[in-house]
Amino acid sequence: MLLDKKSYALLFHLLALEEPETVMMISKQLDQSRRKIYYHLDKINEAIPSDVGQIISYPRVGIVLNAEQKKACLDLVAHVNDYFYIMNVKERIQMMLIYIAVSKERVTIDKLVQLTGVSRNTVLSDLSAIRQELSQGQGSIALNVSKSQGYYLDCHPKLKIRYLYQLLHTVYTKGTENFIIIVRDKITDFLDCDIFFSDAVRSYFKGQMLTIGSELGKKINRHESDFMISLLPYLFLSYRNIQLTEDEKTILHSEFVMVRRKKEFHIAQYLADGLEKN
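The shown structure was predicted, so the numbers you read here are calculated from the model rather than taken from an experiment.

Cut-offs used in this document
- Residues numbered from 1 in each chain as written.
- Predicted model: local features only at pLDDT ≥ 70, side-chain atom pairs only at ≥ 80, totals over all residues.
- Heavy atoms only, no water.
- Phe/Tyr/Trp six-rings, centres within 6.5 Å; stacked < 30°, edge-to-face > 60°.
- Helix = DSSP H or I, 4+ residues; strand = E, 2+ residues; numbered from the N terminus.
- Buried < 20%, exposed > 50% of the residue type's maximum accessible area, 1.4 Å probe, protein only.
- Lys NZ or Arg CZ within 6 Å of the ring centre and 35° of its normal.
- Salt bridge = Lys/Arg side-chain N within 4 Å of Asp/Glu carboxyl O.
- Axes fitted to C-alpha atoms, helices over the stretch in contact; angles between N-to-C directions.
- Left-handed = near helix turned anticlockwise from the far one by under 90°.
- Contact = heavy atoms within 4.5 Å.
- Nonpolar A, V, L, I, M, F, W, Y, C, P; charged D, E, K, R; others polar.

**Some details on the packing of aromatic side chains**
For step 1, the next point in the chain: Taken as a whole and assessed by the stated rule, the structure comprises eight aromatic pairs.
For step 2, the next point in the chain: Judged by centre distance (6.2 Å) and plane angle (50°), the rings of F196 and F236 are tilted. Of the two residues, F196 sits in the loop between α9 (177-191) and α10 (199-216) while F236 sits in helix α11 (residues 222-240), which places them 40 residues apart along the sequence.
For step 3, the next point in the chain: You can call F196 buried: its relative accessible area is 18%.
For step 4, the next point in the chain: Overall, F236 belongs to the partly exposed group, its relative accessible area being 26%.
For step 5, the next point in the chain: Taken together, the aromatic side chains of F196, Y204, F205 and F236 make up a single cluster linked through ring pairs.
For step 6, the next point in the chain: The ring of Y39 carries the charged tip of K36 above its face, separated from the ring centre by 5.3 Å.
For step 7, the next point in the chain: We note K158 situated over the ring of F256; from NZ or CZ to the ring centre the distance is 5.3 Å.

**Description of the pattern of salt bridges**
For step 1, the next point in the chain: This structure, assessed with the given rule, holds eight salt bridges.
For step 2, the next point in the chain: The salt bridge involving R92 is made with D126; its shortest N-O contact spans 2.7 Å. Here the residue R92 occupies a position in helix α5 (residues 89-102), and D126 occupies one in helix α7 (residues 120-135), the gap between them amounting to 34 residues. Neither R92 nor D126 differs from the other in exposure class; each is buried.
For step 3, the next point in the chain: Measuring nitrogen to oxygen at the nearest pair gives 3.5 Å for the salt bridge that ties E105 to K111.

**Side note on the packing of α5 against α9**
Between two packed helices, both the angle of their axes relative to each other and the distance between the axes serve to describe the pair.
For step 1, the next point in the chain: The contact between α5 and α9 brings their axes to 11 Å, and the two run at 35°. In this structure, α5 crosses over α9, and the sense of that crossing is right-handed. Side by side, α5 and α9 meet where E91, Q94, M95, I98, Y99 and V102 of the first sit next to F179, I182, V183, K186, I187, F190 and L191 of the second.
For step 2, the next point in the chain: Class assignment for the residues of the contact of α5 with α9 results in ten nonpolar, one polar and two charged.

Dropping the structure here:
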């Protein structure tokens, strides 16, 4: 049984679930009717091996994959390219937030439609969900819109970068490998920033990580260094799109007086100088 794009959309959505979700909720998030959800669920059940238990929606509980079903579904998507990949609502929101946080260009509804591949109404609904999510957070971050900037995160610069780091941490630790690749590819395509994600930059940092640990007096394992190198391009871009007045710059400089005395700052400066030189 061959799966189409909407079947894959449901498949990726089910793989992302950590708690049971009803067909009604899934239909709303994927913008498909309940009848269509059951239709694509039947196609998925036909596609997975016959010795794997059928994926069922339990009354008043919903659907969630067990370990055996999840493995079978992962096998189905193992060779799927980004043409077939359709983000669920959670992934769309994460993608939009990352794009808004790092884009130096004006972020418009049309650009978000192109970025996510969904309708204008779906994007507007996702933006409302983002506003609600940010309003419930502990940090004072708001999603605002202006004629000059389009959509942007309105908050203190340090708070914005910290929020982006936490968002990326969630994506890289809980997201699927396919989604992580899609995020990187979409950001590089839309912002024309291949150099940040290039093999040359990655190779430079990987080489430097071999000596940084001893200078800091602690061991940095390979997983930690790969994780930091993967996140750095997004943090660079986020820093570059911050717009500050001269007064705001003066205040931030004063806040970083103590930071400049730390060993980590001098190592960061060394890395920056070496990156520019190379």
